[in-house]
Amino acid sequence: MSVISITDVLAGKYPVGESISVHGWIRTRRDSKAGISFLAVHDGSCFDAIQAIVPNDLNNYESEVQKLTTGCSVKVTGILVESPGKGQAFEIQATAVEVLGFVEDPDTYPMAAKRHSLEFLREQGHLRARTNIGGATTRVRNTLAQALHRFFHEKGYYWISTPLITGSDCEGAGEMFRVSTLDMENLPRTEKGDIDFAEDFFGKETFLTVSGQLNVETYACALSKVYTFGPTFRAENSNTSRHLAEFWMVEPELAFAHLCDAADLAEEMLKYVFKALLEERPDDMAFFQQRVDKTVLDRLNNVISADFVRMDYTDAIEILQNCGKKFENPVSWGVDLNSEHERYLAEEHVGGPVVLQNYPKDIKSFYMRLNDDGKTVAAMDILAPGIGEIIGGSEREERIEVLDKRLAEMNLDPADYAWYRDLRRYGTVPHSGFGLGFERLVAYATGIGNIRDTIPFPRAPKTAAF
RNA sequence: UCCCCUGUAGCUCAGUUGGUUAGAGCGGUGGACUGUUAAUCCAUGUGUCGUCUGUUCAAAUCAGACCAGGGGAGCCA
C-alpha cells in the first residue's frame, strides 16, 4: 500500500466518486453550523492543501475533529468529489478522520496560521518547512538541483564525487575548517613544541574542502566532461545575506575547452534550469511572484530569452569611468571591482546577467590561464542583478612552465601542488570550468533576499542550530 | 571583521522627556453566523520590556560592555 500524495489528487489522477485516504497536517479548520467542518489538509507535495468536508455525524466529530488546530496530523478517508465551492477543483467528503497527533498547546504552536517574519522562521528551523514559504523554497530547491543534474547528464557530463575532507590546505579559495580527532585538552607535541599532526586521524593536517575544482580537474583530464555538485565549507567570518559557511556548489569542468566555451555552458545551464523551474513549479513560483518579489517571473523569463552580454574587464573599467556616476571606491585599471561597480554594470548598464571576463592577473588565482597580453587571465564572473556574483570561472593554465612561474610569483610552493602539476606534465590539454553557488541560484530564482532562507539548515558564523 | 539600525505579550509592532496599575493588531480560547476558503462579528487571557554591570531615592526608560537579528561594506559562490 502506497501513500497518496495530495498533489496527485489535486491533479486529477484519482477517479471521482471513489474512496481514498490522504495524510497530512491541518492548515486551518472552519466549522459550519450547517453540520460540517472544513479541513485544509497539507502534505507538502505541492503548494496547495486539499479541502476535506467532515460531517458532524462522525463518531469522533465532537471529541476530536472539533479540536483540530493548525499543525495537527491526520489521516482523512473519504470520497473524492468535484468541489462545489470556489478555490479548488476537488475535495474529499470524509467518512473517517483519524487523528495521528494533536498539537500540545495551540496557543504556543510557533507556526500559527498567520504571517511570520523570515527572521522568526529561521529560529524555528525544524518547523519552518511547514509554512508556505518554507515548503515552496524546498520544492524549488529540489527542482533546481534535479534540473542541474539532468542538464549535465543530457550533455554527457559525468558527476564526480570529489572529497569533502581534503589533505590540501592550499585550495586557495578561503579560510578552512580543520578536521581533527586530536584531544584538544591534551594535544600531542613534536620535539619542537608544535602540534604533532602525525598523531592525528589521517596522519597529517586535514580540512573541509573549500572547492572541488582542483580534484575535479583531474577527472576532466581523463573523462573530458565532468562536474561536481556537493557541499563546500568556508570558515570566513562573513556576516552577509549572500554567504554561508556551508554551501552547495556546482562545478563543471570541460576538457579541450576555452573560456568562451565555459561561458556558453554557464549561459545554457542557467537557461535550462530556469525553464525547468517555470514549467515544473508554477504553483510555487506564483507564490513567490505574489508574496516575495513581484519581478521574479519577468526576471527569469528575461534570462531565458535574452543573450548574456559578454564584457571584458578592460571595457568595464572604461564604462564605469565614463558613466558619470560617483562611486565610493574609485575605478582604475587593475583594481578589483566592488559591489557597487558590479551592481551598476548588471543592474543599470546591462539590465540583466553579464559575463565579465579577462581580469588583471594580479587580482585572480594562480591556476587561471595567462592571456597573450601577459597581464590579464582568462577568468570570468557572471553577475546577476540583485545578488551580484553568481558564477565564477576560468580557463585553467595548462602550460607547466607558465603555471610554475605563476606559483613562484605568488610565493606558493610547487611541492604542495605536485599532483596538480602532474596533469600538466602528462598529456596536458586546455580545459575550463566554473563554480555556481547553488544557494545564490535559489535566491535569484525565488527572489528571497537572504541566502540563509534558501537552505534548510543554514550554517554561518555563530549559527549552527538544529 | 568594520559602519549604521533594532531587541517590549506566542507573532508583528506602538509606547516610556526615569516615578504607583505596560498598549494595539494578529494568533489562541469561548460564543454568534456561515459550502466555508488565512471568512465575518462579539467577548477574552497573556509580559524576568535581550543579558550583565553601572548612575540614581527610583531604571523597561539613562550610560557602558556583551549577546542576538536586520541593512550596508570586505572576503567570495
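Predicted, not measured: the structure shown is a model, and the values here were computed from it. (Residues numbered from 1 in each chain as written. Chains lettered and ligands numbered in written order. Predicted model: local features only at pLDDT ≥ 70, side-chain atom pairs only at ≥ 80, totals over all residues. Heavy atoms only, no water.)

### A short note on unusual backbone geometry
Where the residue is not glycine, phi is negative for most of them; where a peptide bond is considered, it is trans in most cases.
Move 1: Located in the positive-phi region is phenylalanine 256, a residue other than glycine, with phi close to 60 degrees.
Move 2: With respect to the secondary-structure elements, phenylalanine 256 resides in the loop between strand E11 (246-255) and helix H5 (259-280).
Move 3: Of note, lysine 462 is a non-glycine position whose phi angle comes to about 65 degrees, a positive value.
Move 4: Note on placement: lysine 462 falls in the segment after helix H12 (438-446).
Move 5: Assessed through its relative accessible area of 89%, lysine 462 is described here as exposed. (Helix = DSSP H or I, 4+ residues; strand = E, 2+ residues; numbered from the N terminus. Buried < 20%, exposed > 50% of the residue type's maximum accessible area, 1.4 Å probe, protein only.)

### Comments concerning the pairing of strand E14 (residues 376-384)
Move 1: Counting buried positions over the 9 residues of E14 gives 9, a clear majority of the element.
Move 2: As judged from the 6 bridges shared by strand E13 (residues 354-360) and E14, these two strands associate in the antiparallel manner. When the bridges of E14 are listed, valine 355 appears paired with isoleucine 382.
Move 3: Relative to strand E15 (residues 388-395), E14 is paired through 6 bridges, and the arrangement is antiparallel. What sits directly across from leucine 383, in E15, is glutamate 389.
Move 4: Here E14 hands over to E15 after 3 residues, with glycine 386 in that stretch at a positive phi of 100 degrees. (Pairing = 2+ DSSP bridges.)

### Looking at the protein's contact with RNA strand B
Move 1: Taken together, 53 residues lie around RNA strand B, and Arg122, Asn237, Thr240, His243 and Arg440 are the ones closest in.
Move 2: At the protein interface, 45% of the atoms of RNA strand B within 4 Å belong to sugar or phosphate.
Move 3: Here a base oxygen of RNA strand B and a side-chain polar atom of glutamine 88 are 3.3 Å apart.
Move 4: A distance of 3.3 Å is found between a phosphate oxygen of RNA strand B and a side-chain nitrogen or oxygen belonging to arginine 242.
Move 5: Residue composition of the surface near RNA strand B, grouped by class: 13 nonpolar, 22 polar and 18 charged. (Near = heavy atom within 4 Å. Polar contact = N/O pair within 3.5 Å; in protein donor to acceptor, adjacent residues only side chain to side chain. Nonpolar A, V, L, I, M, F, W, Y, C, P; charged D, E, K, R; others polar.)

### Things to note about the pattern of salt bridges
Move 1: If you walk through the whole model with that rule in mind, you get 29 salt bridges.
Move 2: A salt bridge links aspartate 284 to arginine 139; the nearest nitrogen and oxygen atoms lie 2.9 Å apart. Here aspartate 284 is found in helix H6 (residues 282-292), whereas its partner arginine 139 is found in helix H3 (residues 132-154), with 145 residues between them in sequence. Grouping residues by exposure puts aspartate 284 and arginine 139 together as buried.
Move 3: Counted as one network, the salt bridges with shared partners bring together Asp264, Glu267, Lys271, Asp307 and Arg310. (Salt bridge = Lys/Arg side-chain N within 4 Å of Asp/Glu carboxyl O.)

### Describing the sheet that holds strand E3 (residues 50-55)
Move 1: A barrel is described by the order of its strands in space; here 5 strands give the closed sequence E1-E2-E3-E5-E4, paired in mixed fashion. Adjacent strand axes in the sheet meet at a mean angle of 55 degrees, parallel and antiparallel pairs treated alike.
Move 2: Direction of pairing for strand E1 (residues 19-32) relative to strand E2 (residues 36-42): antiparallel, over a ladder of 7 bridges. Across the sheet, the residue bridging to serine 32 is isoleucine 36, located in E2. (Axes fitted to C-alpha atoms, helices over the stretch in contact; angles between N-to-C directions.)

### Looking at the confidence of the model for chain A
Low-pLDDT portions of the prediction should not be read for the details of their coordinates.
Move 1: Summarising the model, chain A shows a mean pLDDT of 92, and 99% of its residues fall at 70 or more.
Move 2: On the interface metric, ipTM, the complex scores 0.85, and its pTM is 0.93. (pLDDT = per-residue confidence, 0-100.)

### A few points about a nonpolar patch on the surface
Move 1: A cluster of nonpolar side chains, contributed by Leu164, Ile165, Phe201 and Phe202, occupies part of the molecular surface with about 380 Å² of accessible area.
Move 2: Secondary-structure assignment places phenylalanine 202 in the loop between strand E8 (178-179) and strand E9 (206-208). (Patch = residues over 30% accessible without salt bridge, like charges linked within 9 Å, V, L, I, M, F, W, Y side chains within 5 Å. Areas by Shrake-Rupley, 256 points an atom, 1.4 Å probe, with all protein chains shown as cover.)

### So, helix H9 (residues 339-350)
Because each turn of an α-helix spans 3.6 residues, side chains separated by three or four positions end up pointing in the same direction.
Move 1: Taking 1.5 Å of rise per residue, the 12 residues of H9 would be expected to cover 16 Å, and the 15 Å separating its terminal C-alpha atoms lies within 8% of that figure.
Move 2: Of the positions making up H9, those classed as buried are Glu340, His341, Glu342, Tyr344, Leu345 and Ala346.
Move 3: Positive backbone phi, at 75 degrees, marks glycine 351, one or two positions downstream of H9. (Expected span 1.5 Å × (residues − 1).)

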